[in-house]
Structure formats: structure tokens, C-alpha cells
Amino acid sequence: MKAFIFLLLINIAFAGFKVKVDVPGMVCQMCVQGMKKNFKSAVENPDKDVIVDLDKKTVTLNLKQKISEKEIKERVKDAGYNASKILWLDK
Amino acid sequence: MRLITYLVLSCFFVFAHPVIYKGGWVYQGSFMPQMNEIRMGYTASPKYSFVYNADYFENMDNYQDHTVGMNFLLKRWLQNDSQGNLYSGIHGGYYSDDINDGEVGHLFFMGDWESREHYTMLKTKGYFYDGKDRYSVTARYGFAPFVAGMDELQTWLILQTMYFQYQSKEVVVTPMIRFFYKNVLWEIGHSTRGQSYLTLMVHY
């Protein structure tokens, strides 16, 4: 039990802030590049931590630290799009 | 009056990647045997960008120019599976040809609509210099034979038609293939007039 709690705390302490953002209208590689560019400072590695799903029109972010939903919306807007829904996946 | 007519006609047309994402740079070169275009742009806001253009048209008395200016995203329509854009741009600079040299102005309007399977574009651009107003109209339709995901090679088969006043005096049709991988786009084509076409574009 102690080990379980210890591992749980470790996991919580080192887990990133994962968020999924719905972004309608993303159709091409330029959309991907725009998301990576505008979330570059919020993640450790844009190539791994900014996942754009062009089928589902979502951007999944592994953030270094939690940022406000307003900031997420602004960064998506700077990439040329609108965030229609924001869903925090952990923490 | 001719300028007004041009502006009215231009409202029906559209242009590609004049404005990208905030902080983004674009380097683009388009090359044909008798005409070359080079463009560099910095998008300061998702609504506008600053650009430098260099053009060379052999059939227009060896016309060449260097201009700077701004491009604008006038309107973007976002649907879940597609997007449409309306752009404009105005540039000014210096030109020279075999006859004269002096100031030149560019004005363009461009619209596009694309999904992951289809792509259309319509663009008109005017060149105003030495009391002349010359324009080009370009239309494109493309389709993707397969749908690619993030960081995969996107492939498009495109048919381009272009009319350039005083350049060819006819509509030039150019089938081409476009590849888009990560931040690099390139297009290779061959026109019905037997001219090869190459475009390279890098975003970062």
C-alpha cells in the first residue's frame, strides 16, 4: 500500500499537464507547424509534446506547466484558428 | 478608371499562403524558363504579414522588380473539415526593363478553399508601373490521392491555369504535383506550352 501511494505521488509530481483542444478547420501541414510554433514555449519538445490529429481536428498538448484556458485559446488564435473545446486530461 | 475596373474584377478572385501563423517566416521561389518569382515573408499577426518580392518576366521586356509591402488575411471561414480564406496584398518598390525604370506597385486578391482531399485557389495580381497596368489571373484545383496525417508526406495532384497579360497572351495550363512534408512544400509541373515549373516553399 505504501509503495502504491509512493508511486502515485511520484506520478503526480512528474506528470505533465495534458490537455486536448478541439480546433476545427485544420487540414494541412501548415496547421501543424503553426501549432508547434505557437506552443513551443509551453512544452519541452514541440515535435513530441504537440500532437495534431488532422482526422479528429484536435491538438493534444503535454505542457511543462499549467497555463490558462485563455492563453491556450490565444495561442491557437495566433496559429490562425479557434479553439472550440478544451479538455484537461490529467491533473 | 482602369484601376477601378481591375479592383472590381479582383473581388471575384483569390491567392496561397500570403499570411501564415504568428511569428512564422516563409521563403518561396517559383521558377519557369521565362518568369521567376521570389518571396520572403514574416507573419507578425495571423491577420497580416510583411513581405519582400522579386519578380522577373522575360517576355515583358525583361521586366524585373523588387518590392516590399504587406499581405492581409481579410476573412477566414473555418468549417470542421475545411477552411476558406480571402487574402489581399499591396506592395511597392522599384522596377526596370529594357525600356524604362522607376516605381512599381503590386496589388493582389486571392481566395482559396481546401479540405484534406480537395484544394481550390483563385488569384489575381496587378502590376502598376510606367502608366501601365498589367495583371495575371491564376486558378487551381487539386486533389489528394491519399490523406496523410501529421508529419507525413502530403501529396497533391494539381491543375493550374494562368493568364498573364503581355506575358503569354494565352491561358497556360500546367498540371503539377505538390508535396508537403513538415514545413517544406515543393511543386513540380510541366505546362502545355512545354515549360517546366518548380516552386519551393519553406515555413518556419
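Residues numbered from 1 in each chain as written. Chains lettered and ligands numbered in written order. Predicted model: local features only at pLDDT ≥ 70, side-chain atom pairs only at ≥ 80, totals over all residues. Heavy atoms only, no water.

Student: Explain the overall build of chain A to me, and be specific about the residues and the numbers.
Tutor: The helix and strand inventory of chain A stands at four helices and four strands. N-terminal to C-terminal, the α/β element order of chain A is α-β-α-α-β-β-α-β. A buried classification covers 44% of the 91 residues belonging to chain A. In chain A, 67% of the contacts between residues at least 6 apart in sequence involve partners at least 24 apart. Split by element, the accessible area of chain A, about 5100 Å² in all, is 56% carbon and sulfur. (Helix = DSSP H or I, 4+ residues; strand = E, 2+ residues; numbered from the N terminus. Buried < 20%, exposed > 50% of the residue type's maximum accessible area, 1.4 Å probe, protein only. Contact = heavy atoms within 4.5 Å. Areas by Shrake-Rupley, 256 points an atom, 1.4 Å probe, with all protein chains shown as cover.)

Student: I'd like a description of the sheet that holds strand β4 (residues 85-88) of chain A, backed by residues and values.
Tutor: Residue and element names in this part refer to chain A. The strand order across the open sheet built from four strands is β2-β3-β1-β4, with neighbouring strands paired in antiparallel fashion. Where the open sheet ends on each side, the last strands, each with one partner, are β2 (50-53) and β4. Strand-to-strand, the axes of this sheet are offset by a mean angle of 15°, without reference to chain direction. When strand β1 (residues 17-22) meets strand β3 (residues 58-63), the two strands line up antiparallel, connected through six bridges. Its bridge partner being in β3, Asp22 is matched across the sheet by Thr58. The sheet strands contacting helix α4 (residues 69-78) are β1 and β4, and the helix crosses β4 at an angle near 130°. (Pairing = 2+ DSSP bridges. Axes fitted to C-alpha atoms, helices over the stretch in contact; angles between N-to-C directions.)

Student: Give a description of the packing of aromatic side chains that names residues and reports values.
Tutor: Residue and element names in this part refer to chain B. One pass over the full model with this rule turns up 15 aromatic pairs over all chains. Between Tyr63 and Tyr95, the aromatic rings sit 5.8 Å apart at their centres with planes inclined by 15°, giving stacked as the arrangement. Here Tyr95 lies in strand β5 (residues 82-96) and Tyr63 lies in strand β4 (residues 63-78), a separation of 32 residues in the sequence. Across the pair, exposure class does not vary: Tyr63 and Tyr95 are buried alike. (Phe/Tyr/Trp six-rings, centres within 6.5 Å; stacked < 30°, edge-to-face > 60°.)

Student: Describe the nonpolar core, naming the residues involved and giving the relevant values.
Tutor: The nonpolar side chains of a soluble globular protein tend to be buried, and buried together. Counting residues in hydrophobic clusters, the biggest one holds 34 residues, and the most contacted among them are Val21, Met26, Met35, Val52 and Val76 of chain A. Mapped onto this core, the elements with two or more residues apiece are β1, α2 (29-38), β2, β3 and α4 of chain A. At four residues, the largest contribution of residues to this core is made by α2 of chain A. In this view, Val21 of chain A contacts Lys57, Thr58, Val59, Leu61, Ile72, Val76, Ala83, Lys85 and Ile86 of chain A; residues no more than four positions away in its chain are not counted. Counting 23 residues, the second largest nonpolar core, distinct from the first, contains Tyr87, Val104, Tyr127 and Met176 of chain B. (Core = buried A, V, L, I, M, F, W, Y, C linked by side-chain atoms within 4.5 Å.)

Student: Talk me through the environment of Lys22 of chain B; I want residue IDs and the actual numbers.
Tutor: Within the secondary structure layout, Lys22 of chain B lies in the loop between α1 (2-10) and β1 (24-32). Taking C-alpha positions, Lys22 of chain B is 31 Å from Pro145 of chain B, a pair spaced 123 residues apart along the chain. With sequence-adjacent residues up to four places away left out, Lys22 of chain B is seen in contact with Lys37, Asn38 and Asp78 of chain A together with Thr43, Ala44, Ser45 and Pro46 of chain B.

Student: Please provide a residue-by-residue account of the pattern of salt bridges, values included.
Tutor: One pass over the full model with this rule turns up nine salt bridges over all chains. Residue Lys22 of chain B is joined to Asp78 of chain A by a salt bridge in which the shortest nitrogen-to-oxygen separation is 3.9 Å. Of this pair, Lys22 of chain B sits in the loop between α1 and β1 while Asp78 of chain A sits in helix α4, on two different chains. We classify Lys22 of chain B as partly exposed; its relative accessible area is 37%. Between Asp130 of chain B and Lys132 of chain B there is a salt bridge; the shortest N-O distance is 3.8 Å. By relative accessible area, which is 37% here, Asp130 of chain B ends up partly exposed. A single salt-bridge network, built from bridges that share partners, covers Lys36 and Asp47 of chain A together with Asp151 of chain B. (Salt bridge = Lys/Arg side-chain N within 4 Å of Asp/Glu carboxyl O.)

Student: Any chance you could break down the pairing of β5 of chain B for me, citing the residues and the numbers?
Tutor: Residues and elements named next belong to chain B. Where β4 meets β5, 14 bridges bridge the pair, whose relative direction is antiparallel. Note on β5: the bridge partner recorded for Gln64 is Ser96. A loop of three residues connects β4 with β5, the two strands running antiparallel in sequence. Note: β5 against strand β6 (residues 101-115), 15 bridges, orientation antiparallel. Opposite Tyr94, over in β6, you have Glu103 as the bridge partner. Hairpin connection from β5 to β6: four residues lie between these consecutive antiparallel strands.

Student: I'd like a description of the sheet that holds strand β12 (residues 196-203) of chain B, backed by residues and values.
Tutor: An order of β1-β2-β3-β4-β5-β6-β7-β8-β9-β10-β11-β12 (chain B) is seen for the 12 strands of this closed barrel, with the pairing classed as antiparallel. The average undirected angle you get between the axes of adjacent strands in this sheet is 20°. Across six bridges, the pairing between strand β10 (residues 171-181) of chain B and strand β11 (residues 184-190) of chain B is antiparallel. Among the inter-strand pairings, Arg178 of chain B is bridged to a residue of β11 of chain B, identified as Glu187 of chain B. Strands in contact with α2 of chain A are β1, β5, β9 (154-164), β10 and β12 of chain B; relative to β10 of chain B, the strand with the most contacts, it is inclined by about 45°.

So far we have only geometry, and geometry alone does not tell us how the molecule works.
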